[in-house]
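# Fold and geometry: a report
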Amino acid sequence: LKNKRMYYPRGKCLGGSSVLNYMGYVRGSREDYNNWVKEGALGWSYDELLPFFLKSENLRYDSSEQYAPICRKSHSFKGPLSVSVKNPVNPIAKCFVETCTRMGHKLGDYNDGDPDNKVSLIQATVENGARCDTATAFLRSSSTQENLTIVTHAHVTKVLLTPDASVAVD
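What you see is a predicted model; the values in this text were computed from it and never measured.

### Side note on the overall build of the protein
- When you go through the protein residue by residue, the secondary structure sums to 4 helices and 9 strands.
- Secondary structure elements of the protein occur, N-terminal to C-terminal, as α-α-β-β-α-β-β-β-β-β-α-β-β.
- A principal-axis box enclosing the C-alpha atoms of the protein has dimensions of 55 × 40 × 40 Å.
- Going through the 170 residues of the protein one by one, you find that 29% of them count as buried.
- Contacts in the protein between residues at least 24 apart in sequence constitute 54% of all its contacts with a sequence separation of at least 6.
- A gap of 8 Å separates the mean positions of the 21 positive and 18 negative side-chain charges of the protein.

Now the structure itself:
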């Protein structure tokens with residue numbers, strides 16, 4: 001740290017931090033979601049959230065890529081968020097996957113909901129070599145809907161919710 005300050009970039013724009021992150025598509029651990037429910041976050045189990053992951057995802061991949069096996073039943077191919085295995089594949093990434101499998105790690109789809117740790121090439125929010133951030137995926141196609149107003153240069157401190165929808169922001 002220089003002068004006790006640290007540079008910490010944030011996504012203060014349409015798309016939020018998805019415009020500046022690594023683009024890795026990692027849903028998270030089934031166990032973590034299920035533990036949230038045990039701690040009182042009803043409706044947040046892995047099985048309850050999986051339909052929303054699937055609804056949003058549009059996986060595109062080359063089934064011949066041996067270092068990125070995909071469990072087809074765990075993915076969707078028709079949502080607005082483009083997901084693919086990064087291409088071209090970095091030779092060092094392939095070497096990493098090979099080394100991990102030689103060390104005993106299972107080659108597999110880490111987004112398949114199975115709790116076993118797996119290794120593969122990374123699934124990323126990329127389409128045709130370009131970043132697919134959340135604004136591109138979810139806002140641009142919805143920007144003409146009458147029930148959506150997009151406001152830029154605004155600072156939101158609170159989202160007011162009903163059981164079925166967000167109704168206002170402060």
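Having put the structure on the table, let's press on.
### Section: the packing of helix α1 (residues 30-38) against helix α2 (residues 46-56)
- Close contact between α1 and α2 brings their axes to 9 Å; oriented N to C, the two are set at 120 degrees. It follows that α1 is oblique to α2 by the angle criterion. Residues R30, Y33, N34 and V37 of α1 touch α2, and the partners they reach there are Y46, D47, E48, L49 and F53.
- Partitioned by chemical class, the residues of the contact of α1 with α2 number 5 nonpolar, 1 polar and 3 charged.

### Structural notes on the sheet that holds strand β2 (residues 81-85)
- Pairing is mixed in the open sheet, where 3 strands are placed in the order β1-β2-β5. Of all strands in the sheet, those with a lone pairing partner are β1 (57-60) and β5 (123-124), marking the two edges.
- The pairing of β2 with β5 spans 2 bridges and is antiparallel. Each bridged residue has a counterpart across the sheet, and for V85 the counterpart in β5 is Q123.
- Here α2 sits on the sheet and contacts β1 and β2; the angle it forms with β1, its principal contact strand, is near 60 degrees.

### Quick word on the environment of T136
- If you trace the backbone, T136 turns up in helix α4 (residues 134-139).
- Judged by relative accessible area, T136 falls into the partly exposed class, the value being 36%.
- Along the primary structure T136 and S82 are separated by 54 residues, whereas in three dimensions their C-alpha atoms are 9.6 Å apart.

### So, the pattern of salt bridges
- Inspection of every chain in the model, using the stated rule, returns 7 salt bridges.
- The shortest N-O distance in the salt bridge between D112 and K118 comes to 3.1 Å.
- Residues K118 and D114 are paired through a salt bridge, measuring 3.6 Å at the closest nitrogen-oxygen approach.
- For K118, a relative accessible area of 15% translates into the label buried.
- Connected via shared salt-bridge partners are D112, D114 and K118.

Reading the values: the criteria
- Every chain is numbered independently, its residues counted from 1 as its sequence is written.
- Given that the model is predicted, a residue must reach a pLDDT of at least 70 before its local features are reported, and side-chain atom pairs must reach 80 or more before they are shown or counted; all residues, however, enter totals for whole chains, interfaces and linings.
- Side-chain descriptors were evaluated using all non-hydrogen atoms of the structure, hydrogens and water having been removed beforehand.
- Under the scheme used here, helices are H or I runs from DSSP no shorter than 4 residues and strands are E runs no shorter than 2 residues, and both carry numbers assigned from the N terminus.
- Buried means the residue's accessible area, taken with a 1.4 Å probe over protein chains only, is under 20% of the maximum for its type, while exposed means over 50%, and partly exposed covers the values in between.
- Contact criterion: two residues are considered in contact whenever any of their non-hydrogen atoms come within 4.5 Å of each other.
- The charged-residue count follows a simple rule in which Lys and Arg add positive charge and Asp and Glu add negative charge, with His and chain termini not counted at all.
- In this description, the location of a charge corresponds to atom NZ of lysine, CZ of arginine, CG of aspartate or CD of glutamate.
- Angular values range over 0 to 180 degrees, each being the angle between N-to-C directions of two axes fitted as lines to C-alpha atoms, with helices fitted over their stretch in contact.
- Oblique is the label for every angle not falling under 35 degrees (roughly parallel), over 145 degrees (roughly antiparallel), or within 65 to 115 degrees (roughly perpendicular).
- Throughout, the ten residues Ala, Val, Leu, Ile, Met, Phe, Trp, Tyr, Cys and Pro are labelled nonpolar, Asp, Glu, Lys and Arg are labelled charged, and all others, Gly among them, are labelled polar.
- Here, any two strands with at least 2 DSSP bridges between them count as paired.
- The salt bridge definition used is simple: a Lys or Arg side-chain nitrogen within 4 Å of an Asp or Glu carboxyl oxygen.

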